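# Coordinate inspection notes
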Amino acid sequence: MTNDGPDMIFQGAFDEMQRGDKKADPKALAASLGFTGGRIKTLETGCEVEVHFVDDTTAKVGLNNYVYTLKKL
């Protein structure tokens, strides 16, 4: 488990987007997906899949340029 900044979630995709377009703000991009605050709890699986927790019942996973939402019922 780690606590990553918005620029590092989804294997650094938001940081990469900002390098290509300075207007792409990683914090704003993360907020558009429901993440709040400066640190995001992340489970690194070691298999190139990361699970990013929005809260105690919601997680996001990025795969093949899609973001999937997992909800605990």
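Residues numbered from 1 in each chain as written. Predicted model: local features only at pLDDT ≥ 70, side-chain atom pairs only at ≥ 80, totals over all residues. Heavy atoms only, no water.

### A short note on the pattern of salt bridges
All chains considered together, the criterion is met by one salt bridge. Among the ionic pairs, Arg19 bridges to Asp15, the shortest N-O distance being 3.3 Å. Placement of both Arg19 and Asp15 in helix α1 (residues 9-20) is noted, with a separation of four residues, approximately one turn of the helix. We classify Asp15 as partly exposed; its relative accessible area is 23%. (Salt bridge = Lys/Arg side-chain N within 4 Å of Asp/Glu carboxyl O. Helix = DSSP H or I, 4+ residues; strand = E, 2+ residues; numbered from the N terminus. Buried < 20%, exposed > 50% of the residue type's maximum accessible area, 1.4 Å probe, protein only.)

### Notes on the packing of aromatic side chains
Scanning the model with the defined rule gives three aromatic pairs in all. Through a chain of ring-to-ring contacts, the aromatic side chains of Phe10, Phe14 and Phe35 assemble into a single cluster. Over the ring of Phe53 we find Lys41, and its NZ or CZ is 5.7 Å from the ring centre. (Phe/Tyr/Trp six-rings, centres within 6.5 Å; stacked < 30°, edge-to-face > 60°. Lys NZ or Arg CZ within 6 Å of the ring centre and 35° of its normal.)

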